[in-house]
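Here is what each chain is made of, one letter per residue.
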Amino acid sequence: MSDGSIAAAGKPAAGTPASSPHVDAGDAGYSKDLKSRHINMIAIGGAIGTGLFLGAGGRLADAGPSLAIAYAVCGVFAFFVVRALGELVLYRPSSGAFVSYAREFMGEKGAFAAGWLYFLNWSTTAIADITAAATYAHFWGMFSDIPQWILALTALAVVLAANLISVKYFGEMEFWFAIIKVAALVAFMLIGIFLIVTQHPVDGHTPGLSTVSDTGAFPVGMLPMLLVIQGVVFAYASVELCGVAAGETENPEKIMPRAINSIMWRVGLFYVGSVVLLALLLPYTAYSGDQSPFVTVMDKLGVPGAAGVMNLVVLTAALSSLNSGLYSTGRILRSMALSGSAPRFTGLMNKGQVPYGGILLTAGFGVLGVGLNYVVPGQAFEIVLNFASIGILGTWGMIMLCSLVFWHRAQDGRVTRPAYRLPWAPYTQIVTLLFLGCVAFLMWWGGGVGRTTVMCLPLIAAALVGGWFIVRGRVREVARARQDA
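Residues numbered from 1 in each chain as written. Predicted model: local features only at pLDDT ≥ 70, side-chain atom pairs only at ≥ 80, totals over all residues. Heavy atoms only, no water.

Another point: the layout of surface pockets. Considering only enclosed or pocket space, the second largest pocket measures out at about 360 Å³ in volume. In this structure, the second largest pocket is lined by 18 residues; those nearest its centre are Trp116, Phe119, Leu120, Ala463 and Leu464. Elements with a contribution of two residues or more to the lining of the second largest pocket: helix 6 (97–137), helix 16 (356–375) and helix 20 (457–484). The element that contributes the greatest number of residues to the lining of the second largest pocket is helix 6, accounting for 8 residues. In terms of residue class, the lining of the second largest pocket is made up of 14 nonpolar, 4 polar and no charged. (1 Å grid on protein atoms, 1.4 Å probe; cavity = no way out; pocket = protein on both sides within 12 Å on 5 of 7 lines; lining within 4 Å. Points joined across faces, edges and corners; volume = space filled by probe spheres on them. Helix = DSSP H or I, 4+ residues; strand = E, 2+ residues; numbered from the N terminus. Nonpolar A, V, L, I, M, F, W, Y, C, P; charged D, E, K, R; others polar.)

Ranked by size, the top nonpolar core spans 154 residues in total, and within it Leu52, Tyr71, Phe98, Trp116, Val233, Tyr236 and Trp396 carry the most contacts. At 24 residues, the largest contribution of residues to this core is made by helix 6. Apart from the residues lying within four places of it in its own chain, the contact partners of Tyr71 are Gly51, Leu52, Ala56, Val232, Ala235, Tyr236, Tyr271, Val272 and Val275. (Core = buried A, V, L, I, M, F, W, Y, C linked by side-chain atoms within 4.5 Å. Buried < 20%, exposed > 50% of the residue type's maximum accessible area, 1.4 Å probe, protein only. Contact = heavy atoms within 4.5 Å.)

Within the element layout of this structure, Asn323 appears in helix 15 (residues 306–337). Assessed through its relative accessible area of 0%, Asn323 is described here as buried. Looking at Asn323, its side chain comes within polar contact range of the side chain of Asn163, at 2.6 Å. Sequence-distant contacts of Asn323, defined by excluding residues within four places in its chain, comprise Val159, Asn163, Phe170, Met173, Glu174 and Phe177. (Polar contact = N/O pair within 3.5 Å; in protein donor to acceptor, adjacent residues only side chain to side chain.)

Below is the structure:
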């Protein structure tokens, strides 16, 4: 539907609930099997992933205790993004999520760009997740001699098989994955607080405020803290997942506000709180990017089996993130396929009402990640993390642009904002977009893989432009057929 036809729909009657004249063909055919407990735990699981469990180790080693500040700042903007998406979801729930909203407010070109940037995000994140899973598996002696690429391929195969069954099965898996992650983090934080209060030594070091005061919050300066922000943004990559899942639940208007509002305190408690504890328990130099920082602490604590249990938990987190990525890209690609902007096979659904075509396409890129683990096993995680960060910045940027256009149309009286709203609009959207631009600049300024990634932006833009010229004829054909129907 064009922007003009949306405008022609006129202003909704006063007092009616927020609703949209836009109809997305990609929303048809799904079961509504996700319950409140699924959505709430998906929201938690989306806010606790590989970026914290594995990425925090290398970030602490690079930036020191100031990493907690980076997590707090990025957490605020992540909340703005998911709150903006929540307002759009309450306006019109859609399994196509922000791609569907980009189609309504920015046209098919906007939907095309949003969808493929999201695919870039999750196809590279899938590689990061299977890399993390393989890295975790090497912790145990029985897997130490198995090549990293074989372990990565095994992780991909197991999660792919589980994801293709049904959305209910996905919801149950994510529910229990999230339970395990939250329980482990709570247990770790309780242990950490106990160690600090009792001054119990960890690897010969006495934990407490002296661990930070001896080096300062910025032991290597402020610049390293700024440069790790792109990695911290990656840690929040899944917060938008609950918006995608809203299209497969019965009562999104009741479930979504509660789930989204809880993200803020979860971020403060689990992300910032965990990093603060890690910084107090051991000097920042004790951590590395080769091992989860939580495993490092438990390993140095010397409790038999404790490090192995924590390593199993962080392995679960990696598999959970991979599971979520396959789920969300499957729904996004189906929305695009039914509008003509993605390959036709990505719109196919199986008997379990699962869009298996899009899931298989994402998994196919995961296989490329298996190859990356074979060629450069030591650098695979950092390489894909940077490309995933570009996808995340693009996805978040598109969400905020949709939110901004939505706000403007509400001001013109063409749409009605729901009662659940992004606060301080439109300033929130503008500030968030500026923040995302700053993150991209910091990636370039930091040099190394980050600069190389940013320098690939013209290639990504050229691929999007070229891709649009390839599919635009089919997009128009699908649009005409829908209008004639």
